[in-house]
Each structure stands twice: as C-alpha cells, then as structure tokens.
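What follows is the residue order along each chain.
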Amino acid sequence: MNAMPNGFFSPVEQRFVHKSGVTETSTRIPYIVVDNFPELGKLTALRFLEWVAEHPEGVISLPTGKTPEHFIRWTRHLLDGWDSDEGRAIREEHGLEVGKKPRLDRLHFVQIDEFYPIRSSQANSFHHYVSEFYIRGFGLDPARAILIDCDEIPLAGGKHFSEVFPDSRVDLSLRYRAAQTAMERQQQASIFLIDDWCTRYEQKIRALGGIGFFLGGIGPDGHIAFNTRGSDHFSTTRLTETNFETQAQAAGDLGGIEVSKNRLVITIGLDTITHNREAVAVIFAAGEAKAGVVRDALESEPSVLYPATVLQRLSRSRFYITRSAGAKLHDSLEAYYRDGPWTHEKTERAVIDLCNQIETYGPNVSLEDLESDPYCRLIPDVSLDTVRAVMDSIRAKIERGLRLEEDQTFYHTGPHHDDIQLGLQPHINRTLRGTTNRSLFSVLTSGFTAVTNGFIMQTLASTRRLLDAGRIEMVEYPNFFESGYRLKWDKDVYHFLMHVASENPAGRERGLCHRVVRAIVEIWQVQSKVELRSAIDDIVAEISASYDGQKNSPRIQKLKGMVREFEEELVWAHSGVQVKNVRHLRLGFYTGDLFTEEPSRARDVRPILEEFRREQPTVISLALDPEGSGPDTHYKVLQAIADAVRLWREEADLTHLRIWGYRNVWFRFAPSDANVIVPVSLNAMDVLDKSFSDCYLSQVEAPFPSYEHDGKFSTLAKRIWVEQLQTIQSLLGKEFFYASENARIRASHGLIFFKEMNVDEFLSQARELEKATEG
C-alpha cells in the first residue's frame, strides 16, 4: 500500500481524500473515493474550477452522456452562487482556495468525440450536447472551441454526407481496396478527406500545447473517448469503427443497435489525451457495474486491452469513483475482509471464492487450502467445519427456493416490461400453479424507449394492409369507435396465443395489429375508419420525418408504450393470468429525456400506494440493483415503491409482508448476498426463451441489448442462471445436484438468486441505496 503525500493532490483533492478515509492505495493510477453520484459531481466540479482558476486560458475537454449530469449541475451552481454565503461555505469546506470567480470564456474547448455521420443539429449528437451544456451552459467562447461538426467536414465534390453516404454507412475498407463504382470512388475520396480533417483537428489541439484538463467517463469495455479495447496507446484523432460493447451502449442514443452497429465515430486518440504531460486527466465512474473496468484500468500494466492504462503516463491522472465502482479493487477487498466485524456473509464469500479459484469442490478443500488463502485464513477459528457450515447455509437457501407458497397474494413489479420475467419467471410460474395464491403483475413505466421507430413503421404498414383487406373486422362493429374498442382485450391476447400454438405467424401479426388499432383509437380519439387511416398516415409521416434516436411526440410515445403493455399481457397469459391482473402504471417521471426527473410523491408514489391498499399483497417483488447499475429507471422505481411501502406502513400492519428483491440481466447477486436460491430446469429455460420470443415482439431482434450479449435478453438471462449454478456447484459439487433425491434439484441446470426481506430490511436497504445514489 502506498500513502500519497499531501503535495501529490490538489487542495480540493486533499479534502476529499481525507473525507473518504482512503489515504493508502496500491493502484498504478491514484484514485479518490466518494460516497455517491452527486458527491462525484461535486468533487469533479470543484477540481475543475480549481484548475481553471490557475489556467484561465487553458485547454479543456469535457464528456457527454449521463455521467456528467451532477458535474454540470455543480459547476453551474458553484458559479451562479459564487458570492453567496452558501457558495463561500462550500468552497471553504472543500478547499477551493480561489478568491476571484473563475472566468470560463477565455478557455479553449476540445470536443472529445462524435458519431459519424450525424447532423450537428440533432439533439442526440455530441456537438449539440457540448453546445448546449458547455458552450452555452458554462459561458464558453464558441470562437475558442474546437468542435466536430459533421455537416462542415469537407467531402468529395463539396457534397454533404447525406449525398456521399446516403444510408449513413461508411465502408472503411475503401482505405485499402480498389473502389468498384463511381459511388465508391466518391466515398473513397471523401474518407481520405475526412482523414485529412482529423489530422488538422489533431494539429489544432497540439498547437495549443495539448489538452490541459481532460474529464471523461469509462465505457463497458474500458474505453475512454471512443478509444475502445485494442486501441493503440499512440493513437491520434481519427475516423474509426467501434466494438459491440460500445455499440450497445450507444444504441439508446441512436435509436437501436442496427443503427449504432453501422455508425462510425470520430474520436481524439489516447496520445491526444496524454500529449501534454502536465495535463490533469480525470476519469470518473459511478456504480458497481463499472467495478470490473475500473479495477482493470487501475491495477493493470499498460495494455491495449485496457485503454485507460495509458493515463499512467501522466503524473496528474486520477480516477474519481464511487465506493461501489471501486468494489473489485484489491484495496476494497482488503478493506471488506479486514475492517469491521466478521460476518457469516464474509465467510460464505471467502469460501465460495476459494473453491472457484482453486477449482476444488467444497468437500475436497483442505485445511491447508483455507490457511493459505489470504481471506479464508481471517475466518475466526477456521477449520474444515467452516466449509461444511457454508455448504449447509447454501443448501438451506436452496431449500427456501423449493418452498411451496400457499395462500399468498403476490404483487410483482417491474421497472420495464420483461424485467419480472427475466428476473423470476421460473419461480413465479411455480407459484401460479397454487390454487390458493393470487398474482398480479405491475409494470411501473411505459417503456416506450425500448420500441424502435422501425418496428412501429413495420407494424403500421401491416395494420394498413389488413385494414384495406377487411381483415380487422372489429372496426365494422356498431359503436366500436365510441366504446367498443375498450372491450374484449383478453380476447386479443387469447387469439394471439392461439396463433402461437398453431405456429401461424400471420395470425400473430393480425393479433398485434388489432391491439395497435385499439391503441390508436384511444390515443388519437378517432371516430371512423377514415379517421383511423388518416391517423396512421400522420404517425407514419411524423416518424418518417424524424431522425434515428429522436424523442417522439407524447402520443407516439404512448403508442409504443401500449405495444409493450400488450407484450407483457401476452407473457403472463401463458400461465392463465388475465389482462385485468397485469397493471400498467405509466409513472410520470419516465419521459425519455437524457436527464430524467426524480419520482414525486403525488404523481408517482400515490398510484403505487393505491394499488397496495386495494390488493393487500403479502409478497411484493421488485428489481433490486446496486447503485449505478442497470438503467436508472430501476433505481427510481425502487425508491417510489419504498416510499409507497413507508406510507402504507403508517396505516396498516405490515409485519408479515415479504419483499423479494430480484436481479436480471443488468446485474447479479453474489451467493452471499442472496438468501433464496431457486433451481431452474431446462424446461423452465425453454419456457422463458419461447415466451420471450413469442411475446416480446419488439425485442426479439434485441434493438437495445446488454453490452454483455449480442442477442435476446432471454438468452443472456439463461446464461447467467447457468453460471450461477456452476458457482454453487464449485462449492457443493456436481453430485449434490445429479444424485439428489429431489427431482427439482436433479433437473436443475441453472439457479436464480434473490433476496427475501421484511419491511424494515427492505426500507433500510432502499435508504442505503438512496444515500449511495443521491447523498
């Protein structure tokens, strides 16, 4: 462990180091730990202004996306309130020893990266982002900004990229192969002109002495800027392709993976970032989902596998991270095991990790193995009985997962459509077989951002074709447009599933179109077949006029959301759940904006509370992801549910209420974190995969995939369950499963982990998560 001298950090950084308590580190790049996401923004803003005060005409390069949200807010808050009592108090508390308010209008700004091609006027372009939040938001001088404006990059014949690359696809093989057509010759010449432009962009930066203050995030593959895994550490500004992880991350910005897979990027290089050896380079990261890439960046030798290791060149490079983002660091593991009282959770984690590391089943672990392991040796009175005790505790968790549930009212919640299925479907299906149980399913957001424009356009084309052929007969019924469209929604679902059973794709398409017609009549309040056709034409025209990734109008958002709602009804109808027992709460904080609102009690919590009052659940399930992991909708939905439970507890006895916290494709429990383990058979996996494919029609092509898997979420969920089984097999041995007297254990080829809590335990965990996320 290395103690960092005070002079190594700036005065602001020293205050945060002292506050964190982490004064000794073993990493190759220094890091500073903060407690939560807003605190990360505060630290970054204070250090930025500290640097600006010393370098009023310096060169800065700042990031785009969601991670800078609190950095932007804190920077503006500090500048706007500079002369206020609060402003002076914040500066004094955090060591910002600057008397005069820094001026930002003399700084030089360098845009880090951009998609190519993309119009700079589009709200999802990075040019638009930096213009909005940094040039205008921080009051920078546009004349002193070096920006990437794709509209202005010269191409062959003076043409616009929409003429040269009409499908927005740029074939970089034209750099090396002979052009075959006139269009390819024009594209080839244009690519070389873009390369020349990139060279001039790099020269402009170096003419200023290089970047003096660089702030960036870190991607799922460890990329900084768009320097993905494998990038040359001496790379400069260039037009380049990306990898799948980066494309999956960008899919939300660009309107789907099919767009992001075919969109190139212009990015500054790793040598661009480190050219100025006196530069301050800060990478900030929040959330346990980033823990792996943070560990690799901080603990690895310089390697193209870990792009951020290039920052070891700079003496003033830093990582600013939340505690959860540093969870996999060696320093953090040391602190976890060596600080505080010893717990059974630590014992479980140490023993299971040992079995995996030495590839030895629990019954075969020796005392020497335990005493040789740096963490197992810390277990009080460690012995072979320790391993047996861990095996017993894991077997007890499996027994809990096999428990038969009776006389329960289950209220299953999901932030998005498919979250419940991907987290718990095999276990839920077992509870649905109990005749004394009652089950309700509630999706709390509209989920419209998961439906691509292309899917809606294709569905509307089918709808129009079926209308013209007279195949949507319900529009002929009396009073259909007045009230009939509200009737027989269960019939839509039943007919759709009949066509699933009979393997009739045309029948399934017709079933979807029936529901889309009902949705259009409801949303657009159409009164006739003529108005229905006109509404369809208007929707098609609006979508056709929009760019990939553009925020839809509220009515089209609602249409997309109702498609997702139909899909959710189909999934649970497989097990006989009626439409009335699948609830769609459409909480108002979910808007599709980059920086979303926080849930409000009146708008978002009250509807959940009313559901609890009316249905009186005995078990509530919910997505329980750690801070900063998975979509932020998961966190906001959890806090809204927690607030509803708090309010419900004030008026009802919730002593016997159980909360099931599940995880799915975005994050997973360690065995020591879960207290229920559910065996999953191959049959249950097949049910998951087929029902996902048959029912989540808009998701079969995985338009917004996880960066971990290029395909359907159901495939990733199954893979996770199998990996979790393998982890437990490393402790209990395979024989425990294949030789078990219990048929469900014998049939298990995957395991689901979840955490069962009482109300006090749940509210305590929700509060801890709130502290880690919001402060």
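Cut-off values and rules
Within each chain, residue numbers correspond to sequence positions counted from 1 in written order. Under the rules for a predicted model, residues below a pLDDT of 70 receive no local features and side-chain atom pairs below 80 are neither given nor counted, while totals for whole chains, interfaces and linings still include all residues. Hydrogens and water are ignored here; the side-chain numbers use all heavy atoms of the structure. Two strands qualify as a pair provided DSSP detects at least 2 bridges between them. Per the convention used, a helix needs a DSSP run of H or I reaching at least four residues, while a strand needs a run of E reaching at least two, with both numbered from the N terminus. Between two residues, a contact is recorded if the distance between any of their heavy atoms is within 4.5 Å. For every element, the axis is a line fit to its C-alpha atoms; helices are fit only across the contacting stretch, and the angle between N-to-C directions ranges from 0 to 180 degrees. A helix is expected to reach a length of 1.5 Å times the quantity of its residues less one. Type-normalised accessible area, obtained with a 1.4 Å probe on protein chains alone, sets the label of each residue: buried when under 20%, exposed when over 50%, and partly exposed for intermediate values. Any Lys or Arg side-chain nitrogen located within 4 Å of an Asp or Glu carboxyl oxygen qualifies as a salt bridge. Roughly parallel covers angles under 35 degrees, roughly antiparallel covers those over 145, roughly perpendicular covers 65 to 115, and oblique covers all other angles. Put simply, a crossing is left-handed when the front helix is turned counterclockwise from the back one by less than a right angle, and right-handed when it is turned clockwise. Residues enter a nonpolar core if they are buried and are Ala, Val, Leu, Ile, Met, Phe, Trp, Tyr or Cys, with the set joined through side-chain atoms within 4.5 Å. For this classification, Asp, Glu, Lys and Arg are treated as charged, while Ala, Val, Leu, Ile, Met, Phe, Trp, Tyr, Cys and Pro are nonpolar and the rest, including Gly, are polar.

As for the sheet that holds strand S11 (residues 280-285)
Strand order across the open sheet formed by seven strands is S3-S12-S11-S8-S4-S5-S7, with parallel pairing between neighbours. In this open sheet, the two edge strands, each paired with only one partner strand, are strand S3 (31-34) and strand S7 (145-146). Contacting S3, strand S4 (59-61), strand S8 (213-216), S11 and strand S12 (317-322), helix H2 (residues 37-54) runs over the sheet at an angle of about 155 degrees to S12.

Comments concerning helix H25 (residues 713-732)
Taking 1.5 Å of rise per residue, 20 residues should cover 28 Å, and H25 covers 29 Å from first to last C-alpha, within 8% of that figure. Within H25, 14 of the 20 residues are buried, which leaves the element mostly enclosed by the surrounding structure. Two residues or fewer past H25, Gly-733 is found with a positive phi of approximately 90 degrees.

Points about the sheet that holds strand S13 (residues 409-414)
Taken together, seven strands build an open sheet; the order of strands is S15-S14-S13-S16-S17-S19-S18 and the sheet is mixed. Sheet topology places strand S15 (582-584) and strand S18 (676-681) at the edges, where each strand pairs with a single neighbour. Here the average twist between neighbouring strands, direction ignored, is 25 degrees. Pairing geometry for S13 and strand S16 (residues 619-623), over three bridges, is parallel. In the sheet register, His-412 faces S16, and the bridge partner there is Ser-621. The strands touched by H25 are S18 and strand S19 (748-757); relative to S19, the strand with the most contacts, the crossing angle is about 90 degrees. Along the sheet, helix H28 (residues 759-774) makes contact with S16, strand S17 (658-662) and S19, crossing S19 at roughly 90 degrees.

Quick look at the pattern of salt bridges
Taken as a whole, this structure holds 65 salt bridges when the rule is applied. Among the ionic pairs, Arg-206 bridges to Asp-271, the shortest N-O distance being 2.8 Å. Residue Arg-206 is found in helix H7 (residues 182-207), and its partner Asp-271 is found in helix H10 (residues 270-274); the two are separated by 65 residues along the sequence.

Re the environment of Gly-217
Inspection of the secondary structure assignment puts Gly-217 in the loop between S8 and strand S9 (238-240). On the basis of relative accessible area, Gly-217 is assigned to the partly exposed category, the value being 26%. Taking the C-alpha atoms as reference points, Gly-217 and Gly-65, 152 residues apart in sequence, are found 8.9 Å from one another. Ignoring anything within four residues of it in the chain, the contact list for Gly-217 reads Pro-63, His-223, Ile-224, Ile-283 and Phe-284.

What to know about the side chain of Ser-672
Inspection of the secondary structure puts Ser-672 in the loop between S17 and S18. With relative accessibility at 11%, the residue Ser-672 sits in the buried group.

What about unusual backbone geometry?
For the bond running from Tyr-116 to Pro-117, omega is -5 degrees, close enough to zero to count as cis. Tracing the backbone shows Pro-117 in the loop between strand S6 (113-116) and helix H5 (126-136). Unusually for a residue other than glycine, Arg-586 sits at a positive phi of about 50 degrees. Along the chain, the position of Arg-586 falls in the loop between S15 and helix H22 (601-615).

A look at the packing of helix H17 (residues 453-468) against helix H20 (residues 529-544)
Two elements in contact, H17 and H20, have axes whose closest approach is 10 Å; the angle formed by their N-to-C orientations is 155 degrees. Taken together, the axis directions place H17 and H20 in an arrangement best described as roughly antiparallel. Judged by the twist between their axes, the crossing of H17 over H20 is left-handed. On H20, the residues that touch Asn-453, Ile-456, Met-457, Leu-460, Thr-463, Arg-464, Leu-467 and Asp-468 of H17 are Leu-532, Arg-533, Ile-536, Asp-537, Ile-539, Val-540, Ile-543 and Ser-544.

A word on the nonpolar core
With 71 residues, the main nonpolar core has Ile-520, Trp-524, Leu-532 and Leu-559 as its most contacted residues. Those residues within four positions of Leu-559 in sequence are excluded, and the remaining contacts are Ile-456, Val-516, Ala-519, Ile-520, Ile-523, Trp-524 and Ile-539. Judged by nonpolar contacts, the second largest core, of 64 residues, contains Leu-440, Leu-585, Phe-669 and Met-757.

Section: the packing of H2 against helix H3 (residues 69-80)
Between H2 and H3, the least distance of the axes is 7 Å, while the angle of their chain directions is 55 degrees. Overall, the two elements H2 and H3 adopt an arrangement that is oblique. Note that H2 runs across H3; the crossing there is right-handed. Residues Phe-37, Pro-38, Gly-41, Lys-42, Thr-44, Ala-45, Leu-46, Phe-48 and Leu-49 of H2 form the contact with H3, whose participating residues are His-70, Phe-71, Trp-74, Thr-75, Leu-78 and Leu-79. Of the residues contributing to the contact of H2 with H3, the split by class is 10 nonpolar, four polar and one charged.

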